[in-house]
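So you can see what is in the structure, the chains are spelled out below.
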Amino acid sequence: MLEILRETVSWLRPQIPAETKIGVILGTGLGDLAHSITDKKEIPYETIPHFPVSTVEGHNGKLIAGQLGGKPVLAMQGRFHFYEGYDMKQVTYPVRVMQLLGFEYLFVSNAAGGMNGSFQVGDIMLIEDHINLFPEHPLRGKNDKELGTRFPDMSEAYNLKLRKLATSIAEKNNIKLQYGVYVGTQGPTFETPAEYHYFKIIGGDAVGMSTVPEVIVARHGGLKVLAFSIITDLGVYGKIVEVSHEDVQKAAKIAQPKMAFIMEEVIKQL
Ligand code: HPA
């Protein structure tokens, strides 16, 4: 694994400014954040040695190196989902690459269904914690000490200082933020009403099909994480309507400028 990773990293290293410490994963319908990145250099996934290739609609599949909030960042436009058939090592491969590139921060976004009764479509939820319901763990298998410890701590998977910073930026700029627990499931089905209810009972506020694997690997690798869900549909009794991937993309697109603003301001203040 490490040898293969090192090949990817040595190929990428010369293409990315050495001072880059921030990785960004852009979720479904949230690729527009890339428009705020300046001095862009785009690197299609298919040109990167050993990188998986994205297949799902709404994901373009490239790395974007450039400046955001006055700092060099590396953004992933398009991520790899477990439901697409990738295994967990592939889903999390880009995060390992960021780790070996010496990154310090990972910013993540996703689209999610809201179970919390006070949420509305278009809300942004700052992820405070997660519940991992994926059927395979990204760290299953032999642990490579060079990448991280066998039994990583998860008491603060979502960095408290970064969350406080995001909260104060949202407050100062009158942007409504919701807060809660993200439940990560494999998909690709959206939830039945009973499943939304179950996820609420176990402590979830929003549910989606991504993020948890990447965050686990980021924490294993020592990166500090900040993550947001855009609430694109509601899994709340009485408010559940039929939902499609297109609806999710549309709702995410509407909310994303606010999330992009918060992310950019957080980066400015790092
Ligand atoms: N469930 C799971 N994943 C999702 C949802 C949902 O309701 N909305 C957007 N991604």
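Thresholds applied
- Residue positions within a chain follow its written sequence, with the count starting from 1.
- pLDDT decides what is reported in this predicted model: residues at 70 or higher carry local features, side-chain atom pairs at 80 or more are listed and counted, and totals for whole chains, interfaces and linings draw on all residues regardless.
- Hydrogens and water are ignored here; the side-chain numbers use all heavy atoms of the structure.
- The secondary structure listing takes helices from DSSP runs of H or I that are at least 4 residues long and strands from runs of E that are at least 2 residues long, numbered from the N terminus.
- The criterion used for residue contact is that any of the two residues' heavy atoms lie within 4.5 Å.
- Throughout, near means a residue has at least one heavy atom within 4 Å of the molecule or strand.
- In protein, a polar contact requires one atom able to donate a hydrogen and another able to accept it; more generally it is a pair of N or O atoms within 3.5 Å, and residues adjacent in sequence count only if both atoms are side-chain atoms.
- Only the protein chains shown count as cover for residues, and the accessible areas themselves come from Shrake-Rupley with a 1.4 Å probe.
- Only protein atoms enter the 1 Å grid, on which a cavity is a set of points fitting a 1.4 Å probe that cannot get out and a pocket is an open set with protein on both sides within 12 Å along at least 5 of 7 lines, lining residues being those with an atom within 4 Å of a point.
- Should more than half of a molecule's atoms lie within 2 Å of a pocket's or cavity's grid points, that molecule is taken to sit in it.
- Throughout this description, the term salt bridge denotes a Lys or Arg side-chain nitrogen within 4 Å of a carboxyl oxygen of Asp or Glu.
- For every residue, the accessible area (1.4 Å probe, protein chains only) is compared with the maximum for its type, and the residue is labelled buried under 20%, exposed over 50%, or partly exposed between those bounds.

S.K.: Which residues make up the environment of Q67, and what values go with them?
M.R.: Residue placement: Q67 occurs in strand β3 (residues 62-68). In the structure, Q67 is positioned 92 residues away from N159 in sequence and 23 Å away in space, judged by C-alpha atoms. Excluding residues within four positions of it along the chain, Q67 makes contact with S36, I37, T38, D39 and P72.

S.K.: Pulling in residues and values, what's your account of the site of the ligand?
M.R.: Taken together, A111, A112, G113, F190, E191, Y196, V207, G208, M209, T232, D233 and V248 are the residues near the ligand. Interatomic distance of 3.3 Å between a backbone N/O atom of A111 and a nitrogen atom of the ligand. One nitrogen or oxygen atom from the side chain of Y196 is found 2.6 Å from an oxygen atom belonging to the ligand. Relative to its unbound accessible area of 260 Å², the ligand is 96% covered by the protein chains. The cavity where the ligand resides is the largest pocket.

S.K.: Can you explain the pattern of salt bridges? Please cite residues and give values.
M.R.: Considering all chains together, one arrives at 6 salt bridges under this definition. A salt bridge links R79 to E214, with the shortest nitrogen-to-oxygen separation between them at 2.6 Å. Of this pair, R79 sits in the loop between β4 (71-77) and α2 (88-91) while E214 sits in helix α6 (residues 212-220), and the two are 135 residues apart along the sequence. Residue classification places E214 among the buried residues on the basis of a relative accessible area of 2%.

Read these as layout, nothing more, since geometry by itself doesn't imply function.
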